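Below, each chain spelled out in residue letters.
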Amino acid sequence: MRELIGEAGLVARKDLLIEWRSRVALNQIAPLGLLVLVVFAFALDANQSLLDRASAGLFWVAVLFAGIITVQRAFTLESENGIRDALRLSGIRPAAMFLGKLLAISAQLLVLEVVLLLGVVAMYDATIDEPVLAAVTALTGTLAFSAVGCIYGAVSLGLRVRETLLPLLLIPVVAPVLLAGTRALERALGVSTQAGWNWVGLLVVISAVYTAIGLAVFGPLLEDG
Amino acid sequence: MQQVERKDSMTGSLATTTLGWASLASLIVVLITGLITSPKDANQGEAVRLLYVHVPMIWIAYGSFIITAGYSGLFVAKAANRPDSGRHLDRVAGSAAEVGVVFTALTLISGALWGRITWGVYWQWDARLTTTVLMFVTYLGYLALRKLPADPYVRSRRAAIVALIATVNLPIVHYSVDWWRTLHQGASITVGNKPEYTNDILIVLLFAVVAFTLVALWLGIHRYRVIRLEEIREEEGIEMAIASRRAEAEVGS
Amino acid sequence: MLVPTGSDAGSVSRRMPPCCPVDGGNPLQRASVPARYDDAAMSTVIDMREAVVLLERFPALAGATATIDSGEIVLLQGPNGVGKTTFLRSCAGLLPVASGRLDVLGHDLVGARRAVRRHVALLGHTSQLYDDLTVVDNVKFWSKANGVRDGDLAGALDRMGVSKRLYSIPVERLSAGQKRRVAIAIVIASRPRLWLLDEPHAGLDQAGRDLLDSLLGDATEAGATVVFASHELDRAEAVASRSLVFSGGVIVSDDA
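These figures come from a predicted structure and were not determined experimentally.

(A) Quick look at the overall build of chain A. Within chain A one finds eight helices and zero strands. Computed over its C-alpha atoms, the radius of gyration of chain A comes to 18 Å, within 12% of the 17 Å expected for a compact globule of 225 residues. Summarising its shape, the C-alpha atoms of chain A cover approximately 55 × 30 × 30 Å along the three principal directions. A fraction of 84% describes how many contacts in chain A between residues 6 or more apart in sequence connect residues 24 or more apart.

Structure, rendered in structure tokens:
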């Protein structure tokens with residue numbers, strides 16, 4: 001078990017190091033996320049009260065957009081230069097690879113979400129009434145999203161039409177995460193009075209389910225083809 | 001599934017021809033009873049006739065996807081031991097999914113029309129409708145995956161895994177949306193009220209279910225056989241490729 | 001200079017096993033021995049019989065048969081598309097065998113392909129390096145992934161003539177030859193019992209090729225086995241002890 005975590009850490013560190021060296025998430029994906037927030041303002045006619053009420057949902061849509069790109073990039077990395085062969089030949093267990101990529105993608109998305117949250121506060125005049133709830137919502141929602149993303153990233157690994165297939169497969173499965181994340185964040189931003197923590201509970205369950213599935217199927221998916 | 005028996009109809013057989021005629025006949029009966037001889041409903045008026053199409057469609061769609069899930073699971077189990085076995089299981093999963101997707105699309109369309117007439121809206125955001133549309137898109141993705149240019153074994157196994165995950169996902173979606181909408185009580189017209197239908201209507205409905213099930217089976221069997229034919233053609237291709245590869249060897253490098 | 005990171009949780013190779021190759025325990029720990037491979041029971045390294053390997057329905061290997069013993073340096077010859085790469089990848093346990101038999105280092109690859117991988121190294125046309133990472137980043141990651149101590153890796157990089165000034169350069173900026181040297185260094189350090197190389201001389205300059213040849217000699221003297229595909233017959237035949245000629249997915253001549 002300790003070794004599994006050690007191997008997962010190795011993979012996660014490698015992914016984050018790649019991000020650190022190439023700065024793609026920082027220089028390209030984060031600005032894209034902010035752009036999405038700007039475009040929403042155009043779409044909603046810069047109606048401040050409307051934007052404020054919709055801020056939680058728009059936040060998660062921006063996360064979805066950026067998240068898909070992040071997942072795609074994370075798996076494109078592994079399919080170049082014969083690296084997939086090298087990984088299969090190394091001793092790293094597929095379950096550890098899944099966990100490692102899950103952690104790395106989540107870490108990148110969480111940093112992005114801080115930026116987006118600031119964007120939402122600044123541009124939509126949202127207020128973070130319950131910061132703990134907001135933070136936990138972001139954390140659990142991101143983990144759930146990343147778990148699903150890693151599964152479908154592995155499904156699309158090695159297949160040729162990757163860019164359009166991944167979103168098509170991913171979004172229906174990630175829909176409940178968006179739903180729950182938005183409801184919880186609405187409470188955290190003071191937009192609704194629903195029980196935010198209950199929705200967080202649902203996010204935890206979804207994270208657990210898809211992490212378990214990912215641990216099981218990542219190996220077979222990596223081996224194929 | 002049995003051998004092809006007739007030359008002029010490549011995937012036809014005695015069974016499917018019989019099935020085809022039976023479904024055509026029962027569809028005509030449904031058409032007549034549904035549109036003409038059965039009474040209109042006390043509450044919904046003529047709109048109830050759409051239900052003769054809409055309700056069987058969704059049941060068949062659910063049934064098809066259950067078949068897809070079940071056979072995908074069996075395929076994964078079988079293929080785990082021997083990578084090239086269980087192809088027939090994968091074929092059933094694929095053809096059932098195609099039938100399911102077609103019927104889901106028809107469900108959504110007929111449901112939208114019915115909703116427009118009875119509630120005045122084409123759509124509403126409740127658990128059932130939202131889950132149905134997500135289910136539709138999910139299996140569109142599954143079918144897209146099945147058609148990718150790739151090693152067929154690899155493709156089938158990945159598609160099976162995707163189908164299984166989709167099956168896990170649907171209850172999660174249903175539960176989430178249901179919870180979400182019950183927190184917005186009173187905002188929408190509930191679909192959940194069980195309307196009281198007269199026996200006349202229920203009989204036609206039952207018959208419609210039978211008729212459309214026959215159609216679905218007929219479509220599914222033909223689709224299965226077409227898939228099988230595609231695979232046969234590929235296999236013959238391999239035999240020839242192996243032979244010509246060996247011939248290369250004999251001719252010399 | 002690479003600094004061995006002793007307490008690093010990611011590095012899995014803790015210490016050298018006493019003498020003989022160990023198969024159980026930590027799966028990441030390469031079967032590393034000080035000088036020789038004590039393989040009295042395993043003199044046959046590759047035993048392939050009528051193996052058929054399919055690549056997207058195409059029979060890349062169409063019933064190939066070969067037996068390769070420990071300590072040999074075997075050259076695979078033949079034009080492009082003839083099955084050499086597939087042979088190498090199958091022996092590495094990366095491809096399923098559709099029919100026939102394939103035993104590598106005592107492992108039956110028709111059944112379970114994963115167990116043999118930690119004993120082999122496969123180097124193909126690709127660099128197997130992350131472009132965005134530096135040489136040092138790549139070397140550290142792959143050494144930990146393969147269960148090698150950093151010390152070995154520094155030595156291997158030196159051996160392959162990778163100059164220290166390249167250590168912090170991102171791999172994408174290296175030339176093909178430099179990337180190849182780094183990749184070979186990673187292979188050296190993991191000390192596999194079976195080396196599977198696909199055109200290893202490609203991209204290397206004269207000095208690099210001489211280096212590689214002496215390397216292959218050293219490896220087999222220590223008990224490893226080398227199988228490599230090459231189009232450079234002059235150099236290859238000088239190094240190899242034996243040559244297998246491929247055609248149409250089968251082996252048509254064998255000067256054993």
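(B) The arrangement of the environment of A96(A) in detail. Residues and elements named next belong to chain A. Here A96 lies in helix 5 (residues 94-124). Spatially, the C-alpha atoms of A96 and G6 are 8.2 Å apart, while their sequence positions differ by 90 residues. Excluding residues that lie within four positions of it along the chain, A96 makes contacts with L4, E7, A8 and V11.

(C) View of helix 4 (residues 176-190) of chain C. Residues and elements named next belong to chain C. Taking 1.5 Å per residue as the helical rise, helix 4 with its 15 residues ought to reach 21 Å, and the 22 Å between its terminal C-alpha atoms agrees with that figure. Most of helix 4 sits out of view: 13 of its 15 residues are buried. Positioned one or two residues after helix 4, R191 has a phi angle of 45 degrees, which is positive.

(D) Broad picture of the pairing of strand 3 (residues 73-77) of chain C. Residue and element names in this part refer to chain C. The element strand 3 is largely enclosed, with a buried count of five among its five residues. What you see with strand 3 is no split at all: I73, L75 and Q77 on one side and V74 and L76 on the other are buried throughout. Pairing between strand 3 and strand 8 (residues 225-229): four bridges, direction parallel. Opposite I73, over in strand 8, you have V226 as the bridge partner. Sheet topology note: the strand 3/strand 9 (residues 242-247) ladder contains four bridges and is parallel. Note that in strand 9 the partner of V74 across the bridge is R242.

(E) The arrangement of the packing of helix 5 of chain A against helix 6 (residues 131-156) of chain A in detail. Residues and elements named next belong to chain A. Running from N to C, helix 5 and helix 6 cross one another at 135 degrees; their axes reach a closest spacing of 9 Å. Here helix 5 lies oblique to helix 6, going by the angle between them. In this structure, helix 5 meets helix 6 at a crossing whose hand is right-handed. Every residue of helix 6 that contacts helix 5 at F98, K101, L102, I105, S106, L109, L110 and E113 is listed here: A138, L139, T142, L143, S146, A147, G149 and C150. Taken together, the residues of the contact of helix 5 with helix 6 sort by class into ten nonpolar, four polar and two charged.

(F) The interface of chain B and chain A, seen in detail. With 24 residues of chain B at the contact, the number on the chain A side is 24 residues. At the level of elements, helix 4 (127-146) and helix 5 (152-182) of chain B are the ones that each hand at least two residues to the side of chain B that touches chain A.

(G) View of the interface of chain A and chain C. In this complex, chain A contributes 21 residues to the contact, which on the side of chain C involves 27 residues. The element contributing the most residues to the side of chain A that touches chain C is helix 1 (residues 2-22) of chain A, with ten residues. The class makeup of the residues in the side of chain A that touches chain C is eight nonpolar, seven polar and six charged.

(H) Looking closely at helix 5 (residues 206-221) of chain C. Residues and elements named next belong to chain C. Between the first and last C-alpha of helix 5 there are 23 Å, a value that for 16 residues agrees with the 22 Å anticipated at 1.5 Å per step. Among the residues of helix 5, those classed as buried are L212, L215 and A219. Down the axis of helix 5, the buried side of the element spans an arc of 60 degrees, and every buried residue falls inside it. Residues of helix 5 that are exposed and point over 90 degrees away from its buried face: Q206, A207, S214, D218 and E221.

(I) Geometry of the sheet that holds strand 9 of chain C. All names here are of chain C. A sheet is described by the order of its strands in space; here six strands give the open sequence 6-7-8-3-9-10, paired in mixed fashion. Looking at the sheet topology across the chains shown, the edges are occupied by strand 6 (120-123) and strand 10 (250-254). In this sheet, neighbouring strand axes are inclined to one another by 20 degrees on average, regardless of whether the strands run parallel or antiparallel. Across four bridges, the pairing between strand 6 and strand 7 (residues 194-198) is parallel. Each bridged residue has a counterpart across the sheet, and for V120 the counterpart in strand 7 is L194. Contacting strand 6 and strand 7, helix 4 runs over the sheet at an angle of about 175 degrees to strand 6.

Cut-offs and rules
Residue positions within a chain follow its written sequence, with the count starting from 1. Chains and ligands are labelled sequentially in the order written, the chains with letters from A and the ligands with numbers from 1. Only residues with pLDDT of at least 70 get local features here, since the model is predicted, and only at 80 or more are side-chain atom pairs given and counted; chain-wide, interface and lining totals rely on the full set of residues. What counts as a helix is a DSSP run of H or I of at least four residues, what counts as a strand is a run of E of at least two, and both are numbered from the N terminus. Radius of gyration here uses only the C-alpha atoms, and the compact-globule reference equals 2.2 Å multiplied by the residue count raised to the power 0.38. Any two residues are considered in contact once their C-beta atoms, placed from the backbone, lie within 7 Å. Each helix should span, by expectation, one fewer than its residue count multiplied by 1.5 Å. In this scheme every C-beta is placed from the backbone, and a residue whose C-beta has 20 or more other C-beta atoms within 10 Å is buried, one with 12 or fewer is exposed, and one in between is partly exposed. The rule for pairing is simple: two strands pair if DSSP sees at least two bridges between them. Whenever a helix is involved, its axis is fitted only over the stretch in contact; in every case the axis is a line through C-alpha atoms, and angles between N-to-C directions fall within 0 to 180 degrees. In these notes the angle categories are as follows: under 35 degrees is roughly parallel, over 145 is roughly antiparallel, 65 to 115 is roughly perpendicular, and the rest is oblique. In this scheme the crossing of two helices becomes right-handed for a clockwise turn of the near helix relative to the far one and left-handed for an anticlockwise turn of less than a right angle. Only Asp, Glu, Lys and Arg are considered charged in this grouping, and only Ala, Val, Leu, Ile, Met, Phe, Trp, Tyr, Cys and Pro are considered nonpolar; every other residue, Gly among them, is considered polar. Arc, as used here, means the arc of the directions from the helix axis to the C-beta atoms.

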